[in-house]
Amino acid sequence: MSRFAPGDRVQILDLGKPGHVRIPWYVRHKTGVVERHCGAYPNPEELAVARPGLPAIDLYRVRLDQRDLWPDYAGAAEDTLEIEVYDHWLAPAADPSAKD
Amino acid sequence: MSAEDPAAPAPPDGPYRGYHDIGGRPAGPVARDEYAFADWQKLSEALRGALEAKGRLVSLDEIRRVFESFGEGLYNTLGFYERRAEALTVLLDEKGIVPRAAVLARMDAIAATECRAVDHVAKSVGPKAGDGPDGAR
């Protein structure tokens, strides 16, 4: 059972890891929405050092608003970017429309 | 501004940010030129794929880790497939599958058939030493 479902709000973490990681700096600390679960795959950070990378880790496609990524973004307000992120780089995030 | 604020800018840099992580860095316009793949590019990618498929002798993520540690100068000197081929050469040597010296010797032999020579430090191919007034060593 995967931890997140489409529509869940998630924050992309900064794990501060050395070596080969697949989370570019510009999405770290940003919050988006899970667009889909892509399956589970060996951890690329482990594959990068010739280990098996098992057990496989859930991979999600996360949709982010371009305006959240770039302070000077001049395109349409509804423009988005999708990036695939492994489960261990994600945390649950609160729905901003929820009232306290 | 809290860590949960979606508008909070990510720190521009930090520990272990590599020179390859260029997203958001000043870079000018994106080049939109397209090129046909060269035969050597297809061949090197086929070799890489075979090494991945055969019990993952070499993984693409290992190749990425190696070219992300080339140093910025070499990384930017080489093209996309050249980076992969250079990193593959390093890994095949590390794993004891193909000695790097054998690959470099083969490059020299191929260049010699065209009366050229490889500079393995500068990563360039030029006229064979001795052919020009400044070529003698």
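For the structure itself, consult the block above.
Every value quoted in this text rests on a predicted model; they were computed, and no experiment measured them. (Residues numbered from 1 in each chain as written. Chains lettered and ligands numbered in written order. Predicted model: local features only at pLDDT ≥ 70, side-chain atom pairs only at ≥ 80, totals over all residues.)

## So, the sheet that holds strand β3 (residues 57-65) of chain A
All names here are of chain A. Strand order across the open sheet formed by five strands is β4-β3-β2-β1-β5, with antiparallel pairing between neighbours. In the strand order of this sheet, the two ends are held by β4 (80-86) and β5 (90-92), each with one partner. Strand-to-strand twist in this sheet, taken as the mean axis angle between neighbours without regard to direction, amounts to 40 degrees. As paired elements, strand β1 (residues 9-12) and strand β2 (residues 31-41) share three bridges and run antiparallel to each other. Paired with Q11 across the strands is T31, a residue of β2. (Pairing = 2+ DSSP bridges. Helix = DSSP H or I, 4+ residues; strand = E, 2+ residues; numbered from the N terminus. Axes fitted to C-alpha atoms, helices over the stretch in contact; angles between N-to-C directions.)

## Description of helix α1 (residues 39-53) of chain B
A rise of 1.5 Å per residue sets the reference length of α1 of chain B, with its 15 residues, at 21 Å; its end C-alpha atoms lie 21 Å apart and thus fit the reference within 8%. Two residues or fewer past α1 of chain B, G55 of chain B is found with a positive phi of approximately 65 degrees. (Expected span 1.5 Å × (residues − 1).)

## Here's the deal with the pairing of β2 of chain A
With seven bridges connecting them, β2 of chain A and β3 of chain A associate as antiparallel partners. Following the sheet pairing, R36 of chain A is matched in β3 of chain A by R61 of chain A.

## A short note on unusual backbone geometry
The general pattern is negative phi for most residues beyond glycine and trans for most peptide bonds. Backbone torsion omega between L54 of chain A and P55 of chain A reads 5 degrees, so that peptide bond is classified as cis. With respect to the secondary-structure elements, P55 of chain A resides in the loop between α1 (44-47) and β3. Although it is not a glycine, Y16 of chain B adopts a positive phi angle of roughly 70 degrees. Within the secondary structure, Y16 of chain B sits in the segment before α1. Classification of Y16 of chain B by C-beta neighbours within 10 Å gives partly exposed; the count is 13. Look at C115 of chain B: it is not a glycine, yet its phi comes out positive at around 55 degrees. Inspection of the secondary structure assignment puts C115 of chain B in the loop between α5 (100-113) and β1 (116-119). By the C-beta count within 10 Å, which is 9 here, C115 of chain B ends up exposed. (Buried ≥ 20, exposed ≤ 12 C-beta atoms within 10 Å, placed from the backbone.)

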